[in-house]
Every structure is written in structure tokens, then in C-alpha cells.
Amino acid sequence: MKAVTWQGKRDVRVEDVPDPRIEEPTDAIIRVTSTGLCGSDLHLYEVLTPFMTPGDILGHEPMGIVEEAGAAVPDLQVGDRVVVPFQIACGNCWMCLTGLPTQCETTQVSSEGMGAALFGYTRLYGAVPGGQAEYLRVPQAQYGPIKVPEGPPDDRFLYLSDVLPTAWQAVAYAGIPKGGSVAVLGLGPIGDMACRVARLQGAGRVFGVDLVPERLRRAKERGVETFDLRSFDDEKELVEAIRDQTDGRGPDAVIDAVGTEAHGSAAARMVQNASALLPRKLSAPMAERFSVDRLAALYTAIELVRRGGTISLSGVYGGMADPMPMLTLFDKQIQMRMGQANVRRWSDEIIPYLTDEDPLGVEDFATHHVPLTEAPHAYDMFQRKQEGAVKVIMKP
């Protein structure tokens, strides 16, 4: 089959690889019909290279048709249409039953000290072949895949794999009061969708911050009060501008949908780049123990949120030695929640909104649909924020 493989920093290729097969009774094989390109994939493309191996199959946002199901997967039949969550979880352990499948005790990558295994996401999360491919082996298929009806286009349901539950959890963790205010930093796919979810759930005012014109335009068209970073000389001006709209206090909540890709510390970027150039035996331990994120977005969130407010982190951070302004966090009495989205925790709440009325605008959410064979160009375009790329869907 054809699959998108990682070969090095900023080097992905579409190659012929062996077809997947059933290995455990709880496996299923899916013929992929659509697969998303996620901002988290760009971390593998550039930042997390010490944890990658040439030939790794990328991708964690797939959906498709069941081709085969193992003997311990009674609820899936050949021909079923399913969305595959990005995390792999059993559904039966204490963590899963508590609503935390990202911490699944069956699939935890304990050898690396990490949570549940993820599709297509480094050895830290199990080095499981990903979904940017023609076919996908789905472990723990007795729990993970979400069955969806025939008829509507893939785009209506595909985002159940990651974008929708990640945005949904970001808003839930933000704890926005009814009629309250929230600022969303970063209007990429997750930030954009978080704005939509916040408005759907009754936020009074939603502020969106970015510097990419296409992203700002999309958010503004859906009622978000947008702030273009390019219009401000520094972070303080931006913070003051939003405070002026919230009686001088700042928003009730801030969602950081940027993560470590934020424009920020040149020193942190230098460390990231330097570790990527070292031999893998040296670079991986260095990245694990001494990695430092570019924290511009998080620092802005801490400064911006009102006293007693909440910060919700959905943007991915990976640093182990990040300097945190503990005095400010403590003094402002800030609450903070974060983590990978617990897809199956939220999916049943989201599905009722995936209707013909399309209140979340999922069916025209993607800016680009490309063949899987164009993956190298898609990665480059998305990483450079060119051609208006906000969300790219690939078709095997």
C-alpha cells in the first residue's frame, strides 16, 4: 500500500509499505477514505525529530471502511463506516472508565513514561503506524472506532478523530461562565473550532488572536472578535487591547491553541534545532531531559487571563525544563487544565451537532483536499502557512 513516511527533518515521502494485517483478536483493518494533516504532525516534521525513525508512518486523523475485524471485535462488521480516534485505548481499564482514555492503562507506553499509545506519533507513544495511508491496522478496535452513518461526506465526521474532541475539551476545561468571555490564542484548526464550540455553548464574547490573514478572516466570519498580532508592537499592547473589552480585567478564560510552535524565544528554538542535528543516541536523551519550549503563547495567556480565571492548554508542549512564572500564577490565582483530548469521553456529546444544519461548519472547514500522493507538498504548504492552508485533508 501507499503511505506517508517520515524520513528526516522536513522530509516526508509517499512510499510503498507492507499492507497491515490482523495481529490481535482486538484488531481491525480499515480502508482509509480520508485522513487529516494536523498541526501536531508539524511537530514531527520539525521539532520532535529525535524521537522519530526513518520509515515511520505518519497521521492520526483517519476515517474509512472496515475491511476486516478480529474475533474480539463483535460490534464492527465488514463495510461499516468508522472514524478512528487518534489515541488507542481499551475502554475497560480504570482510566478509560473514568473518562481518561488518553491515560489508558492497557496501552500506556510505560517504557517511555507516557500515556496511551497514539497513531503515527513517535516512539514516545508506541511507534504505532499512522493513518496517512491506504490501510490502517486499528488496535483495541472493540472500543476505539466510532461508527457513523452512510450518506454525508467524510468531512462531516472526520474531525471526530481529533479536531472536534480536542476543541470540545479545550472549551470544557476552560470553564467559561454562561455569557462569559474567552480569548483563544491561535486560530489554526483547533483554535478556530474552539471558538465555534465556545459560541455554540453560550460564551458571551469570544476573542481570537492570530497573525495569519486567512485564519483571522475565517474566525471573524463566524462572529469572533479578532485581534491581528501584526497590529501590535508587543504582547503588552495586545493584552491591554483585550482588557479594554473586558472592563479592564481580562477574559474569564484563555485557551492556548498554539503550543510550542509559537513565535518566541530564539534560544529555545536554537536548542530544538541543535538537538535535531545530533546523532539520535544523543539527541533523544537531550530532548527528553533538557528540552525547552517556545513559551510565548503560554506567557501571553498567563498575562491576559483575569485574576481567578482559567487557562486551558490544547496546544502541544513537550519541554521538561520550561521556566514557569510561578509567582504570577499563584498571585493571580489562576487555574490551569491541559492534556491530550479524551476522544471517546466527548464524542457522544458532539455527534448530535453533526447534522445537515451543520452548526459547527464542519463540512466546509477544510481549506484543501489533496491526493495522498501530494503529502510532501501538503506538509510544506501547511508548515509555511502558504496558499491559505488552514486544514488539509488527504484522500488515499
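Per-chain numbering applies: the sequence of each chain, read as written, is numbered from 1 onward. pLDDT decides what is reported in this predicted model: residues at 70 or higher carry local features, side-chain atom pairs at 80 or more are listed and counted, and totals for whole chains, interfaces and linings draw on all residues regardless. Only hydrogens and water are set aside when side-chain values are computed; all heavy atoms of the structure are taken into account.

With their axes 9 Å apart at the nearest point, helix 4 (residues 163-174) and helix 12 (residues 343-350) run at an angle of 95 degrees to one another. The orientation of helix 4 relative to helix 12 falls into the category roughly perpendicular. Each of Leu164, Pro165, Trp168, Gln169, Ala172 and Tyr173 in helix 4 lies in contact with helix 12, whose residues at this interface are Val343, Trp346, Glu349 and Ile350. Each axis is a line fitted through C-alpha atoms, and for a helix only the stretch in contact is used; angles between axes span 0 to 180 degrees, taken between their N-to-C directions. Note on conventions: DSSP H or I runs of at least 4 residues are helices, E runs of at least 2 residues are strands, and numbering of each starts at the N terminus. For classification purposes, an angle smaller than 35 degrees is called roughly parallel, one larger than 145 roughly antiparallel, one from 65 to 115 roughly perpendicular, and anything else oblique. Residues count as neighbours in contact if any of their non-hydrogen atoms are within 4.5 Å of one another.

For the rest of this paragraph, the subject is the nonpolar core. Membership of the largest hydrophobic core comes to 71 residues, with the highest contact counts inside it found for Leu164, Val182 and Met193. With eight residues, the single largest contributor to this core is helix 4. Sequence-distant contacts of leucine 164, defined by excluding residues within four places in its chain, comprise Tyr159, Met193, Ile350, Leu354, Leu360 and Val362. Counting 21 residues, the second largest nonpolar core, distinct from the first, contains Phe207, Val254, Ala301 and Ile334. Buried Ala, Val, Leu, Ile, Met, Phe, Trp, Tyr and Cys residues form a nonpolar core when they are joined through side-chain atoms within 4.5 Å. Each residue is placed in one exposure class: buried if its accessible area under a 1.4 Å probe, protein chains only, is under 20% of its type's maximum, exposed if it is over 50%, and partly exposed if it falls in between.

Here the UniProt-annotated "domain: Alcohol dehydrogenase-like N-terminal" (unreviewed entry) positions come out as residues 25-146. Secondary structure content for residues 25-146 is 11% helix and 23% strand, while the C-alpha to C-alpha distance between its ends is 18 Å. UniProt positions are given in the numbering used here, feature names are shortened, and annotations may be inferred rather than shown by experiment.

Let's shift gears to the packing of helix 4 against helix 5 (residues 189-200). Think of two packed helices as two axes; the pair is described by the angle between the axes and how far apart they sit. Two elements in contact, helix 4 and helix 5, have axes whose closest approach is 8 Å; the angle formed by their N-to-C orientations is 55 degrees. It follows that helix 4 is oblique to helix 5 by the angle criterion. Here helix 4 and helix 5 pass one another in a crossing that is right-handed. Between helix 4 and helix 5, the residues in contact are Val163, Leu164, Thr166, Ala167, Trp168 and Val171 and Pro189, Ile190, Met193, Ala194, Val197, Ala198 and Leu200, respectively. Of the residues contributing to the contact of helix 4 with helix 5, the split by class is 12 nonpolar, one polar and no charged. With the far helix as reference, a near helix turned anticlockwise by less than a right angle produces a left-handed crossing, and one turned clockwise produces a right-handed crossing. Side-chain classes follow a simple rule in which Ala, Val, Leu, Ile, Met, Phe, Trp, Tyr, Cys and Pro form the nonpolar group, Asp, Glu, Lys and Arg form the charged group, and the remainder, Gly included, forms the polar group.

So, on to the environment of alanine 117. Turning to its location among the elements, alanine 117 is positioned in the loop between helix 2 (94-97) and strand 7 (135-138). Sequence separation between alanine 117 and threonine 106 is 11 residues; the distance between their C-alpha atoms is 9.3 Å. Setting aside anything within four residues of it in sequence, one finds alanine 117 in contact with Phe86, Gln87, Ile88, Thr107, Val109, Tyr125 and Val128.

Moving on, we get to the packing of aromatic side chains. Any two of the Phe, Tyr and Trp rings considered here, Trp counted by its six-membered ring, make a pair once their centres fall within 6.5 Å; the pair's planes then place it as stacked at under 30 degrees, edge-to-face at over 60, or tilted in between. Enumeration over the complete set of coordinates arrives at six aromatic pairs. Between tyrosine 45 and tyrosine 379 the ring centres are 5.4 Å apart and the planes differ by 40 degrees, which places this aromatic pair in the tilted class. Separated by 334 residues along the polypeptide, tyrosine 45 in helix 1 (residues 39-47) and tyrosine 379 in helix 13 (residues 375-383) bring together distant segments of the chain. Centre to centre, the rings of tryptophan 168 and tyrosine 353 are 5.7 Å apart; their planes meet at 45 degrees, and the pair counts as tilted. With tryptophan 168 in helix 4 and tyrosine 353 in the loop between helix 12 and strand 15 (368-371), this pair connects stretches of sequence that are 185 residues apart. Three or more aromatic residues joined by ring pairs make a cluster, and in this case those are Phe207, Phe227 and Phe232. Two thresholds decide whether a charge sits over a ring: the Lys NZ or Arg CZ must be within 6 Å of the ring centre and within 35 degrees of the ring normal. Above the ring of tyrosine 173, the side-chain terminus of arginine 337 is found at 3.7 Å from the ring centroid. The cationic tip of arginine 344 hangs over the ring face of tyrosine 143; the distance from NZ or CZ to the ring centre is 5.3 Å.

Below, the discussion takes up the sheet that holds strand 1 (residues 2-8). The pairing criterion is simple: DSSP has to find at least two bridges between the two strands. The strand order across the open sheet built from three strands is 2-1-4, with neighbouring strands paired in antiparallel fashion. What marks the edges here is a single partner per strand, and that holds for strand 2 (11-16) and strand 4 (56-57). One ladder, built from six bridges, connects strand 1 with strand 2; its direction is antiparallel. The residue of strand 2 that forms the bridge with alanine 3 is glutamate 15. Its contacts with the sheet put helix 13 on strand 1 and strand 2, and the angle it makes with strand 2 is roughly 160 degrees.

Overall, parallel pairing links the six strands, which are arranged 11-10-9-12-13-14 in an open sheet. Both outer strands of the open sheet, strand 11 (225-228) and strand 14 (335-338), are each paired with one neighbouring strand and no more. Averaged over all neighbouring strand pairs, the angle between strand axes comes to 20 degrees, with direction disregarded. Bridging between strand 12 (residues 253-256) and strand 13 (residues 310-313) involves four bridges; their strand directions are parallel. Along strand 13, the bridge assignment pairs alanine 253 with threonine 310. Its contacts with the sheet put helix 10 (residues 296-304) on strand 9 (181-185), strand 12, strand 13 and strand 14, and the angle it makes with strand 9 is roughly 165 degrees.

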